[in-house]
Each structure stands twice: as structure tokens, then as C-alpha cells.
Amino acid sequence: MLAHRGHCKVSTEVKKADAHNQGNGGSKKVENADGSEKTVTANCGGAIYAAGAEITVAGTTTFKNNTVSNQGGAIYATTHSETVKSETEGVEDTTVVTPTTLTVSGATFTENVAGAEGGAIYLTKSTYTVTHSTFTNNESKHDVRGGGAIYSTASEGSMSGVTFTGNHSHKGGAIALHSGSTLTVSSMVAKGNYADAYVKVDEATQTSTSTLGFGGVFYVNNSTLYLKETSEDDEIVLGGSG
């Protein structure tokens, strides 16, 4: 599913979705010269690729087994830039940048994988709200940044009633925040998430080096994280077995 400067509401199961544009928004099958088929893995956004769009994921939506070679195993959210030409002589054209707004409620993200950042969700220069949703066994394979379930860069978000279980990455088993991101969490449960050690193999010498992981639940780099219970019903639990 590809969304550019539009409105989209999702309330169904999204499992290994089909892509319709340059490998973004899902995987797709293509035909080889001999007539056989092969599956091309999406580059970004295994189920949804959103640029300057308003995306609402509601109901009992499930994102399961989506895989991308780059960012955002299930969802990739970014900006849309458009040049507006000036009709006045001597006045320069202007660039209008529209962020994506992502709202997720009651969704399940299970076993989604990103070759780079954001095992389930990747956000850049976007805003997001996640409530009453679960993230289970999602994975980011990136050796530098990570975000097993969610990766946010230069984005602003809020969460409540969210459960993270068994997600993993090299940095930020559940969530990684980078480049001035802000996240406010009022209630969440995070258990069994972990930061992987990253092993790099030198093919020429057949030697390997290992780097320890950082942040089993959160990895925060040049960003702001607020953990604050806002009502008597709110609860923040970090740690414990899955």
C-alpha cells in the first residue's frame, strides 16, 4: 500500500502485502524470463509506505511476517516535498514539506523484519500516536541504529497501553530514538526485549569482531524520552521475561 499526500484508514489483516511502486509498500512477485516467479522484497515499508500522508490504523489490524531489505518492516512514514513555482517574476520557487501523521490503535505487529532500522515501524520527520497495540518478535538487523519494533528519527510521538514482547535489535530492542526525536509514554509493558550483539565477519581473513548491544527496551540518542503515568490506571513496566 502506497500513500502520497492522501488519507488512508486500515482495519484489516496486512500480511505480506503486495507492492505496486518500486518495491515500496510490500513484497511483490515478478516473472523471470523462463516464466518462473520470484519474490522481490520491498525496500521500505513492507505493508505501508506513507509520504506526507495521514494514516489511521484502527480496529484489530494485524501486520504479520512483513520483511523489507531496508527500513520499516511493516510501515514506513516520511515526508513529501513539493516545489511550488512562483508566478511572480524575481520571486523564487518555494518548497512545501508535508509530514506523515500516523495513528495506530488496537493493532498487532508480529514477526516483521527490517534489514535496516525499524523492525515494525520506521518514522522520519513524522508524528505518531500508538495506543492499545502489541509488538511481538519484530526485528531490526541494522548494526548501527536499530529499533527492533519502532525506529524514530526527527519525529514526535506518544504511546499508551502498548505491549512490547520479544523484539530485538542491536540498539533499542523495542524502540530507538534518534536525531531530536521526542516520545512520551504514559503506559506500557515491555518484557523479553533485548539488544543483540552484532557480529561482523571479514571475508578476506575469515575473522570476526563482536559489538555488544545497547538498550534492551530503549535506545535514546540526541532525543527526549518521557515516561510518565498520567492517571491511576496507567502503568509502566520495563523488564522481566516474555
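Structure first, text after, so check above.
Just so we're clear, the structure is a prediction, and the values are computed from it rather than from any experiment.

(A) Representation of the overall build of the protein in the model. Regarding its fold elements, the protein presents 0 helices and 30 strands. Excluding contacts between residues fewer than 6 apart, the proportion of contacts in the protein whose partners are at least 24 apart in sequence is 74%. Entry remark: accessible area of the protein is about 11,900 Å², with carbon and sulfur atoms responsible for 45%.

(B) Molecular detail of the packing of aromatic side chains. Scanning all chains against the criterion turns up 7 aromatic pairs. For the ring pair Y49 and Y76, a centre distance of 4.9 Å and an interplane angle of 5 degrees mean the geometry is stacked. Of this pair, Y49 sits in strand β6 (residues 48-51) while Y76 sits in strand β10 (residues 75-78), and the two are 27 residues apart along the sequence. There is no split in this pair, since Y49 and Y76 are both buried.

(C) Representation of the side chain of N112 within the structure. With respect to the helices and strands, the residue N112 is situated in the loop between β14 (108-110) and β15 (113-114). In contact with N112, not counting residues within four places along its chain, are F63, K64, N65, N66, G73, A74, G119, A120, N137, N138 and E139.

(D) Highlighting the pairing of β10. Residues I75 and A77 line one face of β10 and the alternating positions Y76 and T78 line the opposite face, and both faces are buried. Relative to strand β16 (residues 121-124), β10 runs parallel, the two being bridged by 3 bridges. Following the sheet pairing, Y76 is matched in β16 by Y122.

(E) Examining the nonpolar core more closely. Grouped together as the largest cluster of nonpolar side chains are 34 residues, with contacts concentrated most on F109, F135, M159 and F164. For this core, the leading source of residues is strand β24 (residues 182-191), giving 4 residues. When sequence neighbours within four positions are dropped, the list of residues in contact with M159 reads Y128, V130, I150, F164, I175, L183, T184, V185, S186 and S187. Core analysis: the second largest hydrophobic core is formed by 8 residues, C44, Y49, Y122 and Y151 among them.

(F) Region of the structure containing the environment of T100. Relative to the helices and strands, T100 resides in the loop between β12 (94-98) and β13 (101-105). C-alpha separation for the pair T100 and L123, spaced 23 residues apart in sequence, amounts to 8.6 Å. Leaving out residues up to four positions away in the same chain, T100 has contacts with A50, A51, G52, A53, A77, T78, S126 and T127. Side-chain polar atoms of T100 contact the backbone nitrogen of G52, separated by 2.9 Å. Among the polar contacts made by the side chain of T100, one reaches the main-chain amide nitrogen of A53 at a distance of 3.2 Å.

(G) Focus on the side chain of T79. Turning to its location among the elements, T79 is positioned in the loop between β10 and β11 (80-84). Classification of T79 by relative accessible area gives buried; the value is 19%. When neighbours within four sequence positions are excluded, T79 is seen to be in contact with A51, G52, V97, T98, P99, T124 and K125.

Conventions used here
Residues numbered from 1 in each chain as written. Predicted model: local features only at pLDDT ≥ 70, side-chain atom pairs only at ≥ 80, totals over all residues. Heavy atoms only, no water. Helix = DSSP H or I, 4+ residues; strand = E, 2+ residues; numbered from the N terminus. Contact = heavy atoms within 4.5 Å. Areas by Shrake-Rupley, 256 points an atom, 1.4 Å probe, with all protein chains shown as cover. Phe/Tyr/Trp six-rings, centres within 6.5 Å; stacked < 30°, edge-to-face > 60°. Buried < 20%, exposed > 50% of the residue type's maximum accessible area, 1.4 Å probe, protein only. Pairing = 2+ DSSP bridges. Core = buried A, V, L, I, M, F, W, Y, C linked by side-chain atoms within 4.5 Å. Polar contact = N/O pair within 3.5 Å; in protein donor to acceptor, adjacent residues only side chain to side chain.

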